[in-house]
Amino acid sequence: MGAGGRMSDPTEGKDILERVPVDPPFTLSDLKKAIPAHCFERSVIRSSYYVVHDLIVAYVFYFLANTYIPLLPTPWAYLAWPVYWFCQASILTGLWVIGHECGHHAFSDYQLIDDAVGFVLHSALYTPYFSWKYSHRNHHANTNSLDNDEVYIPKRKSKVAVYSKLLNNPPGRVFTLVFRLTLGFPLYLLTNISGKKYGRFANHFDPLSPIFTERERIQVVISDIGILAVLYATKLLVDAKGAAWVTCMYLIPVLGVHMFFVLITYLHHTHLSLPHYDSTEWNWIRGALSTIDRDFGFLNRVFHDVTHTHVLHHLISYIPHYHAKEARDAIKPVLGEFYKIDRTPIFKAMWREAKECIYIEPDEDSEHKGTYWYHKM
């Protein structure tokens, strides 16, 4: 997945690991003016088409797997199941992305429709819709702020845990990546791992969690009800079809969705060229610009282009995905060297970031003492 070499950005012709500047000469208003007006238009019919399309493709994958894999000889079945899991997880990740879009009010002009569609899609994929919507909103409001961001908050060198040092080797990196991809999202929802440090325990299922405001608490309960309903439906499926069938047909693809989500967001927010800021230097546009687009090859389209329009998304999150590429291309001349896309093949990029982005520190000789950059051990 992904294309191109490690060091060169075909768009800019520069070292892809070269640090981005920290003081943009443009404003958010300048960027909005560069985008064609129709890119801001949301169509409930067009957005719904993508939901129906993905559901049909997901059903086709289910039908083929359920009908034909059991008929295959054992060795071929062992090969066929991972193919199904990859294909189904990919298309379901597209549906998850549409649910995420609903949370940004980018699905339609009607908030009730957006929330209803997002609630159903995310609940079915074991994601508490409203709870994650609100914490994700806080992430967008405080991107790359060391004090207030909600997720992917790196540690300073003095805070690097002993186990991180012990795992700073090839086998340790393999373990770390597998752990992050498989358990990262559930642990984030359950324990707020890698998230903002609150004064007490925080998670996405407790309506009294410090993550949420008073007016959001009832919707956290609704999110919990959605997850409980899906858990009950899963139990009924297990009773009817058996645990192995449910695991193979549904639970492993859902785990794949979570893995894709963690992989995508990890690579969007972890890169040697991207700064983090403490409260002395952070402002909203600096934070929003401190992300990077990635190239997932043919999966870009399957994931509704969320992979390579992420810089735009952090600047203007309510543009629907079917206008995102056009809007991204419209602002690239304004962004100039503030825009980056890394086309390094995904597995190579994942390994590089796990190896080289270990902790953050400001440059000793820099006037920006509140600007932090990634370093390796």
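Residues numbered from 1 in each chain as written. Predicted model: local features only at pLDDT ≥ 70, side-chain atom pairs only at ≥ 80, totals over all residues. Heavy atoms only, no water.

Colleague: Lay out the side chain of His258 with the relevant residues and their values.
Modeller: Mapped onto the elements of the fold, His258 is located in helix H9 (residues 243-269). According to the relative accessible area criterion, His258 is buried, its value standing at 8%. Among residues more than four places away in sequence, those in contact with His258 are Leu125, Tyr126, Thr127, Leu181, Phe185 and Pro186. (Helix = DSSP H or I, 4+ residues; strand = E, 2+ residues; numbered from the N terminus. Buried < 20%, exposed > 50% of the residue type's maximum accessible area, 1.4 Å probe, protein only. Contact = heavy atoms within 4.5 Å.)

Colleague: Hey, could you go over the confidence of the model for the protein chain for me, with residue numbers and the actual values?
Modeller: Parts of the model with low pLDDT should not have their predicted coordinates read in detail. Per-residue confidence for the protein chain gives a mean pLDDT of 94, with 96% of residues at or over 70. Below a pLDDT of 50 lies the segment residues 4-12, which in the model reaches 26 contacts outside its immediate sequence neighbourhood of four places, other chains included. (pLDDT = per-residue confidence, 0-100.)

Colleague: Now, about the pattern of salt bridges: what can you tell me, with residues and values included?
Modeller: In this structure the tally under the stated criterion is 15 salt bridges. We note a salt bridge from Arg352 to Asp342, for which the minimum N-O separation is 2.6 Å. Here Asp342 lies in strand E5 (residues 341-342) and Arg352 lies in helix H14 (residues 346-356), a separation of 10 residues in the sequence. Among the charged side chains, a network of salt bridges with common partners joins Arg294, Asp342, Arg352 and Glu353. (Salt bridge = Lys/Arg side-chain N within 4 Å of Asp/Glu carboxyl O.)

Colleague: Give me the lowdown on the sheet that holds strand E6 (residues 359-361), citing residues and values where you can.
Modeller: What the three strands build is an open sheet, ordered E3-E7-E6; its pairing is antiparallel. Two strands in the sheet have a free side with no partner beyond their single neighbour: strand E3 (276-277) and E6. Alignment of E3 against strand E7 (residues 371-375), held across two bridges, turns out to be antiparallel. Considered in E7, the bridge of Tyr277 is made with Thr371. (Pairing = 2+ DSSP bridges.)

Colleague: Describe in detail helix H2 (residues 44-68), supporting the description with residues and values.
Modeller: With 25 residues, H2 should cover 36 Å at 1.5 Å per step; its first-to-last C-alpha distance of 36 Å lies within 8% of that length. Three or more residues of H2 are buried, namely Ser47, Tyr50, Val51, Asp54, Ala58 and Ala65. On its buried side, H2 packs onto helix H3 (74-103), helix H4 (111-124), H9 and helix H13 (321-335). (Expected span 1.5 Å × (residues − 1).)

Colleague: I'd like to hear about the state of the cysteines, residue by residue, with values.
Modeller: Taken as a whole, this structure holds zero disulfides when the rule is applied. Of all cysteine sulfurs in the structure, the one in Cys39 sits closest to Cys102, which takes part in no disulfide; the separation is 19 Å. Judged by its relative accessible area of 0%, Cys102 is buried. (Disulfide = S-S within 2.5 Å.)

Colleague: Before we move on, can you summarise the UniProt feature "transmembrane region" (unreviewed entry) in the protein chain with the specific residues and values?
Modeller: Here, the residues flagged by UniProt with the feature "transmembrane region" (unreviewed entry) are residues 50-69, 75-98 and 244-267. This span, residues 75-98, is 100% helix and 0% strand, and a straight line between its end C-alpha atoms measures 36 Å. (UniProt positions renumbered as here; feature names shortened; annotations may be inferred.)

Colleague: Break down the packing of aromatic side chains for me, with residues and values.
Modeller: One pass over the structure, following the stated rule, counts 22 aromatic pairs. Considering the side-chain rings of Tyr59 and Tyr62, the 5.8 Å spacing of their centres and the 50 degrees angle between planes classify their relative orientation as tilted. Remark: Tyr62 and Tyr59 occur in helix H2; sequence separation between them is three residues, near one turn of the helix. Judged by relative accessible area, which is 27%, Tyr62 ranks as partly exposed. Arranged with centres 4.5 Å apart and planes meeting at 40 degrees, the rings of Trp96 and Phe261 form a pair that is tilted. Of this pair, Trp96 sits in helix H3 while Phe261 sits in helix H9; the two residues are 165 residues apart in sequence, bridging distant segments of the chain. Across the pair, exposure class does not vary: Trp96 and Phe261 are buried alike. (Phe/Tyr/Trp six-rings, centres within 6.5 Å; stacked < 30°, edge-to-face > 60°.)

Colleague: Requested: an account of the UniProt feature "domain: Fatty acid desaturase N-terminal" (unreviewed entry) in the protein chain, with residues and values cited.
Modeller: Per the UniProt record, "domain: Fatty acid desaturase N-terminal" (unreviewed entry) is found at residues 23-59. In this annotation, residues 23-59 is assigned 62% helix and 0% strand; the end-to-end C-alpha distance for the span is 48 Å.

Colleague: Lay out the nonpolar core with the relevant residues and their values.
Modeller: Formed by 50 residues in total, the largest nonpolar core has its most connected members in Phe185 and Phe296. If you list the elements that add at least two residues to this core, you get H2, H3, helix H5 (129-141), helix H7 (170-191), helix H8 (217-241), H9 and H14. The element best represented in this core is H9, accounting for nine residues. Residues within four places of Phe185 in sequence aside, it is in contact with Trp96, Thr127, Trp132, Arg180, His258, Phe261 and Val262. (Core = buried A, V, L, I, M, F, W, Y, C linked by side-chain atoms within 4.5 Å.)

Colleague: Please set out unusual backbone geometry residue by residue, giving values where relevant.
Modeller: Negative phi is the rule for most residues except glycine; trans is the rule for most peptide bonds. Even without being a glycine, His105 presents a positive backbone phi close to 60 degrees. The phi torsion at His304 lies on the positive side, around 55 degrees, for a residue other than glycine. Checked against the element boundaries, His304 lands in the loop between helix H11 (299-302) and helix H12 (310-315).

Colleague: Tell me about H5, and please be specific about residues and values.
Modeller: Compared with the 18 Å implied by 1.5 Å per residue over 13 residues, the 18 Å span of H5 between its first and last C-alpha is a close match. With 11 of its 13 residues buried, H5 lies for the most part within the structure. Within H5, burial applies to Tyr129, Phe130, Ser131, Trp132, Lys133, Tyr134, Ser135, His136, Asn138, His139 and His140.

Colleague: Talk me through the packing of H5 against H8; I want residue IDs and the actual numbers.
Modeller: Packing of H5 against H8 leaves a shortest axis separation of 6 Å and a crossing angle of 130 degrees. One way to sum up the angle between H5 and H8 is to call them oblique. Contacts between H5 and H8 pair Tyr129, Phe130, Ser131 and Tyr134 from the former with Gln219, Val220, Ile222 and Ser223 from the latter. (Axes fitted to C-alpha atoms, helices over the stretch in contact; angles between N-to-C directions. Parallel < 35°, antiparallel > 145°, perpendicular 65-115°, else oblique.)

Colleague: Can you explain the environment of Ser279? Please cite residues and give values.
Modeller: Within the fold, Ser279 resides in the loop between E3 and helix H10 (284-288). Since its relative accessible area comes to 59%, Ser279 is described here as exposed. With 133 residues separating them along the chain, Ser279 and Leu146 place their C-alpha atoms 7.4 Å apart.

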